[in-house]
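# Geometric and topological summary
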Amino acid sequence: EHIFLALNNTSNFLSRKEIRKAISYSIDKTNIASNIFNNQYFTSSFPLDYGSWIYQEQDASAGYNPDQAKKILIDGGWSYKSNYWQKIENYKTQRLQLNLAVKASDSTRVAVAQNIAAQLENQWIHVNIVQLSDDQYYNSINVKNYDMILCSMNLSISPDLSTFFGDNNLANYSNEEVTNIMNEVKNINDEEKLKQDYKRLGEIYKNEMPYLS
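Description of the structure in this document.

Reading the values: the criteria
- Residues numbered from 1 in each chain as written.
- Predicted model: local features only at pLDDT ≥ 70, side-chain atom pairs only at ≥ 80, totals over all residues.
- Heavy atoms only, no water.
- Helix = DSSP H or I, 4+ residues; strand = E, 2+ residues; numbered from the N terminus.
- Rg over C-alpha atoms; globule rule 2.2 N^0.38 Å.
- Buried < 20%, exposed > 50% of the residue type's maximum accessible area, 1.4 Å probe, protein only.
- Contact = heavy atoms within 4.5 Å.
- Salt bridge = Lys/Arg side-chain N within 4 Å of Asp/Glu carboxyl O.
- Polar contact = N/O pair within 3.5 Å; in protein donor to acceptor, adjacent residues only side chain to side chain.
- Expected span 1.5 Å × (residues − 1).

### Some words on the overall build of the protein chain
When helices and strands are tallied, the protein chain shows eight helices and eight strands. For 213 residues, the compact-globule estimate of 2.2 N^0.38 gives 17 Å, and the C-alpha radius of gyration of the protein chain, at 17 Å, lies within 12% of that figure. Overall, the protein chain is about 55 × 40 × 35 Å in size when its C-alpha atoms are taken along their principal axes. The burial tally for the protein chain puts 47% of its 213 residues in the buried class. Long-range pairs, those at least 24 residues apart, make up 71% of the contacts in the protein chain between residues at least 6 apart in sequence.

Rendered as structure tokens:
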């Protein structure tokens, strides 16, 4: 089971890579694994971190670095004022605040969402948790009307990352190199070439942060 945040790359704030990366550096995944899952889950930085022969690049550090998160926002032109990260654009003040959608019927997933929101609030990134009914949740996935949504899916040993990188993916993420790799791996039988391609996907994933594993 791979649990992840999909960060909507077409939303007002999360279309900006500095905000997606600040979120990734602000969340201590080991805290979630310990407090919510009683250390029954591993931290992950890519969907294929564990159990797949094709990808062996797992990063146990999980990338937690709150000071780096603040630096990225400051370098991106954001400043902290009146309890908000703010930025003036087109003579208007943008205040950083995000919605996090979660399925209300899944109490464990709600607890994860609350943990994430609390950690982001500690970094002054304001988060409103939106608890959805099952029908509302799946409708939101279909129409992509969220900033962030907490999801999980079971991954097979044979990798299929179309949910993350294919058409109509959960993060509305688009990248020409990723599209080319996804098309290429459909027709490759060379194991070493496949490993190279999936390693490159992992590198792009960690740099672009369309999702948080």
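### A short note on the pattern of salt bridges
Tallied over the full model, the rule gives 11 salt bridges. With a shortest N-O distance of 3.5 Å, Arg109 and Asp106 are connected by a salt bridge. Residue classification places Asp106 among the partly exposed positions, given a relative accessible area of 24%. Taking the shortest distance from any N to any O, the salt bridge between Glu192 and Lys195 comes out at 4.0 Å. Separated by three residues within a single helix, Glu192 and Lys195 lie in helix H8 (residues 191-208), roughly one turn from each other. The exposure class of Glu192 is partly exposed, given its relative accessible area of 49%.

### Brief notes about the side chain of Asn115
With respect to the helices, strands and loops of the structure, Asn115 is situated in helix H4 (residues 107-122). Engagement of the side chain of Asn115 in a polar contact is seen with the side chain of Asn31, the distance being 2.8 Å. In contact with Asn115, not counting residues within four places along its chain, are Asn31, Ile32, Asn35 and Ile36.

### Structural notes on H4
Counted at 1.5 Å a residue, the expected span for H4 with its 16 residues is 22 Å, and the 23 Å between its end C-alpha atoms agrees. Of the positions making up H4, those classed as buried are Arg109, Val110, Val112, Ala113, Asn115, Ile116, Ala117, Gln119 and Leu120. Between the side-chain oxygen at the start of H4 and the backbone nitrogen of Thr108 there is a gap of 3.2 Å, and the oxygen is on Asp106.

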